[in-house]
Amino acid sequence: MSTPSASSAGSAVPAARQSLTMVCATMAAAIPLMTLVLWFVLGTDGIGAFPKSWPPLVVLAAAVGAYSICELVGFRTPPLAYSNRPAAEVQADSWRRFTASTFTRFAVCEAVFLISIPLAFVADSYWLVLIGAVLALPLFFWEAWPGERNQRRFAAALESGGVASYLTGRLQD
């Protein structure tokens, strides 16, 4: 079996990243869409008064917890093991692992918004949905968007054993 050329290995990276970016954009679009839909359920009398009890603090605590989880464990992964696999297989495995990690981090970030929905019904306030959306979207774009920052962080974890992941096209420091 022949090893792939550098040009064929490099061409798979943009396709994998483009595909993951498109999926992430679609998943992120659900938050503003659900926020709009919930306006018709909870915002019948306008936004209403800001809740003065505990529900906004719960949403804020969920955002702090989600950020902490993503930063502390969201980019951890076992390093790649030495093998005689072709670079294309290693790269494909790296992208599968990065994609799984991205979806996990997205779920953690989206939980902030999802927690705000039942709390909005309990407090009978649309403000909680807005707070959840305003906290969850930037958190998602910082922690789960498949941009260079997150790609490099994950590649560094994959390559911590000294095996190239080809996730970014080069070895990480």
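Provided above is the structure to which this section pertains.
Values in this document were obtained by computation on a predicted structure and should not be read as measured data.

Here is what the cut-offs are and how they apply
- Residues numbered from 1 in each chain as written.
- Predicted model: local features only at pLDDT ≥ 70, side-chain atom pairs only at ≥ 80, totals over all residues.
- Heavy atoms only, no water.
- Core = buried A, V, L, I, M, F, W, Y, C linked by side-chain atoms within 4.5 Å.
- Buried < 20%, exposed > 50% of the residue type's maximum accessible area, 1.4 Å probe, protein only.
- Helix = DSSP H or I, 4+ residues; strand = E, 2+ residues; numbered from the N terminus.
- Contact = heavy atoms within 4.5 Å.
- Expected span 1.5 Å × (residues − 1).
- Bend = angle between axes of the 7 residues up to and from the residue.
- Patch = residues over 30% accessible without salt bridge, like charges linked within 9 Å, V, L, I, M, F, W, Y side chains within 5 Å.
- Areas by Shrake-Rupley, 256 points an atom, 1.4 Å probe, with all protein chains shown as cover.
- Salt bridge = Lys/Arg side-chain N within 4 Å of Asp/Glu carboxyl O.
- Phe/Tyr/Trp six-rings, centres within 6.5 Å; stacked < 30°, edge-to-face > 60°.

Undergrad: I'd love a proper account of the nonpolar core, names of residues and values included.
TA: Core analysis: the largest hydrophobic core is formed by 38 residues, its most contacted members being Val 112, Phe 113, Val 129, Phe 140 and Leu 167. When residues of this core are traced back to their parent elements, those giving at least two are helix H1 (6-42), helix H2 (55-73), helix H3 (87-123), helix H4 (127-143) and helix H5 (148-158). Broken down by element, the residue count for this core peaks at 10 residues, all from H3. Those residues within four positions of Phe 113 in sequence are excluded, and the remaining contacts are Ile 31, Met 34, Thr 35, Val 129, Gly 132, Ala 133 and Ala 136.

Undergrad: Please set out H3 residue by residue, giving values where relevant.
TA: Helix length check: H3 (37 residues) gives 54 Å between terminal C-alpha atoms against 54 Å at 1.5 Å per residue, within 8%. Ala 111 marks the point of greatest bend in H3, at about 30°. Looking at the residues trailing H3, positive phi occurs at Asp 124, about 50°.

Undergrad: How would you summarise a nonpolar patch on the surface if you had to cite specific residues and measurements?
TA: Side chains of Leu 33, Leu 36, Val 37 and Phe 40 sit close together on the surface and give an oily, nonpolar patch of about 440 Å² of accessible area. Its location among the elements puts Leu 36 in helix H1. Among the residues examined, Leu 36 registers a relative accessible area of 49% and is labelled partly exposed.

Undergrad: Which residues make up the environment of Pro 79, and what values go with them?
TA: Of note, Pro 79 is situated in the loop between H2 and H3. Linking Pro 79 and Gly 161, residues 82 residues apart in sequence, is a C-alpha distance of 5.4 Å. For Pro 79, the residues in contact, after removing those within four places along its chain, are Arg 97, Ala 157, Leu 158, Ser 160 and Gly 161.

Undergrad: Give a detailed account of the pattern of salt bridges, specifying residues and quantitative values.
TA: Evaluated as defined, the whole model comprises five salt bridges. Asp 93 is the partner of Arg 97 in a salt bridge, and the nearest nitrogen-oxygen pair spans 3.9 Å. In this pair, Arg 97 and Asp 93 both sit in helix H3, four residues apart, roughly one turn of the helix. As far as burial versus exposure is concerned, Arg 97 and Asp 93 are alike and both buried. Two residues, Arg 152 and Glu 148, come together in a salt bridge whose shortest N-O distance is 2.8 Å. Taken together, the residues span about one helical turn, with Arg 152 and Glu 148 both in helix H5 at a distance of four residues.

Undergrad: Let's hear about the packing of aromatic side chains: which residues, and what values?
TA: For the structure on display, the rule yields eight aromatic pairs. Taken together, a centroid distance of 5.6 Å and an interplanar angle of 55° make the contact between Phe 98 and Phe 154 tilted. Taken together, the positions of Phe 98 in helix H3 and Phe 154 in helix H5 put the pair 56 residues apart, joining distant regions of the chain. The class for Phe 98 is buried, based on a relative accessible area of 0%.

Undergrad: Account for the environment of Cys 70, with residues named and values stated.
TA: Mapping Cys 70 onto the fold places it in helix H2. With relative accessibility at 1%, the residue Cys 70 sits in the buried group. Placed 38 residues apart in sequence, Cys 70 and Val 108 show a C-alpha to C-alpha distance of 7.5 Å. Ignoring sequence-local partners within four residues, the contact set of Cys 70 consists of Phe 75, Arg 105, Val 108, Cys 109 and Glu 143.

Undergrad: Residues and numbers for the side chain of Ser 94, please.
TA: Mapped onto the elements, Ser 94 comes out in helix H3. Overall, the relative accessible area of 0% leaves Ser 94 in the buried class. What Ser 94 contacts, discounting residues up to four positions off in sequence, is Leu 80, Phe 154, Leu 158, Ser 165 and Leu 167.

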